[in-house]
Amino acid sequence: MTQGTLDWTVETREGLRLIAPIGRVDETTATEFAERLAEEIAKAASDGHKRLAIDLAEIEYMSSRGLRGLTLAQRQSADSGITIVLARPNQIMREILAISRYDKVFQVFDDIDGI
Amino acid sequence: MKVRFWGTRGSLPVAQKAAAIRDKIATALVAADGRRFADLDEARTFADDELEFAVGGTYGGATSCVEIEAGDEFILCDLGSGAREFGLDAMARCARGHARVYHLFMSHFHWDHIMGFPFFVPVFDPETKIVIHSGHADAELALRRQQEEISFPVAFDWLRAQISFVTLETGKPYAIGAVTVELIEQNHSHKSYGYRFTDAAGKSVVYSTDSEHKVDRMDQEAAFVAFFGDCDLVICDTMYSLADSASMKEDWGHSSNVVAIDLCHQAQAKRLALFHHEPTYSDADIQRMHQESIRYEELTREAAPLAVICAYDGLTVEV
Ligand SMILES: [Zn+2]
Ligand SMILES: [Zn+2]
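Residues numbered from 1 in each chain as written. Chains lettered and ligands numbered in written order. Predicted model: local features only at pLDDT ≥ 70, side-chain atom pairs only at ≥ 80, totals over all residues. Heavy atoms only, no water.

Draft legend 1. Representation of the interface of chain B and chain A in the model. Contact with chain B, which involves 23 residues of that partner, is made by 22 residues of chain A. Of the roughly 2000 Å² buried between chain B and chain A on both sides combined, carbon and sulfur atoms contribute 59%. Summed over the shared surface of chain B and chain A, the result is six salt bridges. Its salt-bridge partner being Glu-221 of chain B, residue Arg-68 of chain A comes within 2.7 Å of it at the nearest N-O pair. Viewed at the interface, chain A and chain B are joined by 10 residue pairs in polar contact (both at pLDDT 80 or more). Mapped by element, the contributors of at least two residues to the side of chain B that touches chain A are α8 (242-246), α9 (257-267) and α10 (283-300) of chain B. Counted by class, the side of chain B that touches chain A contains nine nonpolar, six polar and eight charged residues. (Contact = heavy atoms within 4.5 Å. Buried area = accessible area lost by both parts, 1.4 Å probe. Salt bridge = Lys/Arg side-chain N within 4 Å of Asp/Glu carboxyl O. Polar contact = N/O pair within 3.5 Å; in protein donor to acceptor, adjacent residues only side chain to side chain. Helix = DSSP H or I, 4+ residues; strand = E, 2+ residues; numbered from the N terminus. Nonpolar A, V, L, I, M, F, W, Y, C, P; charged D, E, K, R; others polar.)

What follows is the structure, given as structure tokens:
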């Protein structure tokens, strides 16, 4: 991973688009993160998926920029009838989701099969 | 430079109820575990050193009022209910020879930031000079209206001090008293302003309350990062959780601990004081928010550490 960019993998499952960014979402990558989320929502909508799952397993951590990017994505996806869910946060992300109370506004899954 | 917090609560003054005090005493007795104390001082030392702040103390409940001690004249941010006690203390200092000159800096004129003015005793002293600075052109209207007969028995025109109003503009430094002052416009109903005070030694304090960093306007944050740049102490509105400020309480005009820490990290500020506490929060709630803020700072730190303190009524910080 180069400084200031995120790598992504994408998978589709029954009714679900699963995306996995790799890296850290901070001030340098937050815009890229938000733009890519917007594209993924559009693709999920055109494929008729009802849910967009973000696999956080390879996300080191996320500052408020990334979290607020999730909020903007959630608004956009709600317009297309898509729900965003989060999966497999590492221990740091789990703490950040709890401190920011984002674990109260997003459903968080411990494993992919549970989604 | 010293910063003294006279009021740190947001929106509405609050007071501890009997049951809350009883629970603090009960928790302290359990923590003491049968220990004996020779005198009150020994018991006080135990309370200071061995009890959590939320048990042995309280964050207080007066609304926004922060004194910046620099030079011979008083500098004060906002006139929340904490201004009553500040006014009494300031009069006592004047009796001991302190200059009777006050430079007030107003973030905005919502109730919780002006309600202390009618009880601010220096306004009755004809020897006192009070200059009220703000970014708002309608400052005088707000303070006069608060003292109209329907709301308060003492009219503004009956006040004896020499009171004047000065409207400041953003983007330029002003030399006022012993400090240089700059201001920044903030997102809040009817606008609010943040202030940066720099003393002769180059130490600086930012007072930024009732400031919403909007989720869909993150592009506006660069201006705040610059304003907070290398600051020794940044006092920030951290009333809500990030989730609340971005959802249910969006557009309520306030911000979160998490965004304040991110901005201070980017600005390479040295210390952050959490401020404008949610009135529904108990001492334990505020203490938890403080601990979580310290943890978030650790988790997201990329450069020098940012010290995160939690303002409480009565706290003095040496800058
Ligand atoms: Zn306020
Ligand atoms: Zn306000």
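Draft legend 2. A look at the coordination of the zinc ion (ligand 2). Residue and element names in this part refer to chain B. Coordination of the zinc ion (ligand 2) by the protein involves His-108 (NE2), His-110 (ND1), His-188 (NE2) and Asp-210 (OD), with metal-donor separations of 2.1 to 2.6 Å. Site description for the zinc ion (ligand 2): donor spacing in sequence, H-x1-H-x77-H-x21-D. Between the zinc ion (ligand 2) and the zinc ion (ligand 1) the interatomic distance amounts to 3.7 Å, and Asp-210 serves as a bridging ligand to the pair. Taken together, the positions of His-110 in the loop between β4 (101-106) and α5 (111-114) and His-188 in the loop between β8 (179-186) and β9 (192-198) put the pair 78 residues apart, joining distant regions of the chain. (Donors = N, O, S within 2.8 Å, 3.2 Å for Na, K, Ca; no water.)

Draft legend 3. Representation of the packing of helix α1 (residues 30-46) of chain A against helix α2 (residues 64-79) of chain A. All names here are of chain A. Contact pair α1 / α2: the axes reach a minimum separation of 9 Å and the direction vectors enclose 20 degrees. Considering the angle they form, α1 stands roughly parallel to α2. The handedness of the crossing between α1 and α2 comes out as right-handed. Of the residues in α2, those touching α1 at Ala-30, Phe-33, Leu-37, Ala-38 and Ile-41 are Arg-65, Gly-66, Gly-69, Leu-70, Ala-73, Gln-76 and Ser-77. Here the residues of the contact of α1 with α2 are counted per class, giving seven nonpolar, four polar and one charged. (Axes fitted to C-alpha atoms, helices over the stretch in contact; angles between N-to-C directions. Parallel < 35°, antiparallel > 145°, perpendicular 65-115°, else oblique. Left-handed = near helix turned anticlockwise from the far one by under 90°.)

Draft legend 4. Up close: the nonpolar core. In terms of nonpolar packing, the biggest core is built from 57 residues, with Met-62 and Leu-70 of chain A together with Phe-228 and Leu-272 of chain B touching the most fellow members. If one sorts the elements of this core by residue count, α9 of chain B sits on top with seven residues. (Core = buried A, V, L, I, M, F, W, Y, C linked by side-chain atoms within 4.5 Å. Buried < 20%, exposed > 50% of the residue type's maximum accessible area, 1.4 Å probe, protein only.)

Draft legend 5. Quick peek at the domain arrangement of chain B. Residues and elements named next belong to chain B. Along its sequence, chain B is carved into domain 1 (2-13 + 59-318) and domain 2 (18-56). Its C-alpha centre places domain 1 at a distance of 32 Å from the equivalent point of domain 2. Of the roughly 420 Å² buried between domain 1 and domain 2, counting both surfaces, carbon and sulfur atoms make up 58%. For domain 1, the biggest contributors to the area lost against domain 2 are Tyr-59, Asp-283 and Gln-287; these three give 77% of the whole. Summed over the shared surface of domain 1 and domain 2, the number is one salt bridge. (Domains from an automatic or database assignment.)

Draft legend 6. Up close: α10 of chain B. In a regular helix each residue adds 1.5 Å, so 18 residues correspond to 26 Å; α10 of chain B covers 26 Å between its end C-alpha atoms and thus fits that length. Within the sequence span of α10 of chain B, burial applies to Asp-283, Ile-286, Gln-287, Met-289, His-290, Glu-292, Ser-293, Tyr-296, Glu-297, Leu-299 and Thr-300 of chain B. (Expected span 1.5 Å × (residues − 1).)

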